Amino acid sequence: MAAPAARVIDGKAVAQRLRARVAERVAALPFRPGLRVVRVGDDPASGVYVRNKDRAALAAGFDSETVLLPADVRETALLYLIGELNADPAVDGILVQLPLPPQIRQEAVVDAIDPAKDVDGFHPVNAGLLATRQPSLVPCTPKGVMHLLREAGVPLAGARAVVLGRSQIVGRPLLQLLLDADCTVTVAHSRTRDLPAECRRADVLVAAVGRPEMVRGDWVAPGAAVIDVGINRLPDGRLAGDVAFAEVAGHAGAITPVPGGVGPMTIACLLENTLDAALRRRGEANGGG
Ligand SMILES: Nc1nc(=O)c2c([nH]1)NC[C@@H]1CN(c3ccc(C(=O)N[C@@H](CCC(=O)O)C(=O)O)cc3)C=[N+]21
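Predicted model, so just to flag it, every value in this text is computed and none were measured. (Residues numbered from 1 in each chain as written. Predicted model: local features only at pLDDT ≥ 70, side-chain atom pairs only at ≥ 80, totals over all residues.)

**Let's talk about the overall build of the chain**
Turning to step 1, where the next piece is worked out: Each helix and strand counted, the chain has ten helices and eleven strands in total.
Turning to step 2, where the next piece is worked out: A compact globule built from 289 residues should have a C-alpha radius of gyration of about 19 Å, and the chain, at 19 Å, falls within 12% of that.
Turning to step 3, where the next piece is worked out: The buried share among the 289 residues of the chain stands at 44%.
Turning to step 4, where the next piece is worked out: Residue pairs at least 24 apart in sequence account for 69% of intrachain contacts in the chain once pairs closer than 6 positions are excluded. (Helix = DSSP H or I, 4+ residues; strand = E, 2+ residues; numbered from the N terminus. Rg over C-alpha atoms; globule rule 2.2 N^0.38 Å. Buried ≥ 20, exposed ≤ 12 C-beta atoms within 10 Å, placed from the backbone. Contact = placed C-beta atoms within 7 Å.)

**Some words on the site of the ligand**
Turning to step 1, where the next piece is worked out: Lining the immediate surroundings of the ligand are 19 residues, of which Tyr-49, Leu-98, Pro-259, Gly-263 and Thr-266 lie closest.
Turning to step 2, where the next piece is worked out: Those elements giving two or more residues to the shell around the ligand turn out to be α2 (44–59), β4 (93–96) and α10 (262–281).
Turning to step 3, where the next piece is worked out: Along the lines of polarity and charge, the residues of the shell around the ligand split into twelve nonpolar, six polar and one charged.
Turning to step 4, where the next piece is worked out: Both of domain 1 (31–116) and domain 2 (139–262) provide at least three residues apiece to the shell around the ligand. (Near = placed C-beta within 6 Å. Nonpolar A, V, L, I, M, F, W, Y, C, P; charged D, E, K, R; others polar. Domains from an automatic or database assignment.)

**A word on the pairing of strand β8 (residues 225–228)**
Turning to step 1, where the next piece is worked out: With burial as the criterion, each face of β8 is covered, one bearing Ala-225 and Ile-227 and the other bearing Val-226 and Asp-228.
Turning to step 2, where the next piece is worked out: As defined by bridge partners, strand β7 (residues 204–207) adjoins β8 across four bridges and the pair is classed as parallel. Each bridged residue has a counterpart across the sheet, and for Leu-205 the counterpart in β8 is Val-226.
Turning to step 3, where the next piece is worked out: Inspection of the sheet shows β8 paired to strand β11 (residues 254–255) by two bridges, in the parallel sense. Looking at the pairing, Ala-225 lines up with Ala-254 of β11. (Pairing = 2+ DSSP bridges.)

Here it is as structure tokens:
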């Protein structure tokens, strides 16, 4: 293992600052923005994330509640609940924790959420608004990645960006955001002919594939900025990113760790989205972001 030459981008610290700014803005409001997290089944892995979201939301002054439904709940019951949350004026943000059990069509659920309350930014209306460069709720993880790149001072205009992964949740929205930041963007994926060669061309490399430590040291150009979106639980219980950190840190100019990189930013951006949704819905025109 080479000693890290790269600057390590402290996502936890950046997220902490973002959460503090959100909390300040919430404290100045005459109401508490409402967030409802819906969780189906009590899978312990997702329980940790839901608890972290809930804790962060409460700490920032939100009115936050988690609704836990049984794992065998019917799709119609979940859709009914979403209808109630859509109609509830105290609710500004709705997040249905994914993945959902097999009896429930994920797409039907996401489509049922009021786009104005879709703080995950997964609804097709928000995806379409982002693709057409109109104000929208932007998915939290890609938003957090852009925030980290800017905070780390990574030059984006004219830079070659390579996104590894083409998911609806991370890869595709990141393509839009990096393009809007004037990067030349390549989206690479499992069928890309020569992944290492594509990655080596990147000034900015974002790995979002969900395969532990897939990106090796020799995939990274000297000085590149490497953002690791992967959060993979290994059989031994450890957490690994999509990037082989120790190897890549020997080549990269800057790199995010796992944990403590993109993960905390996802939660901070969820709070920011919920605040923005509340300001837009309740007609206070100082949203944006
Ligand atoms: N509708 C929906 N929206 C989501 O945003 C969503 C989801 N479903 N389902 C599950 C994934 C996963 N996810 C994480 C968020 C934060 C951390 C996070 O904060 N991780 C910390 C600590 C991780 C740990 O120690 O376990 C870190 O990386 O430093 C991880 C994972 C959001 N997700």
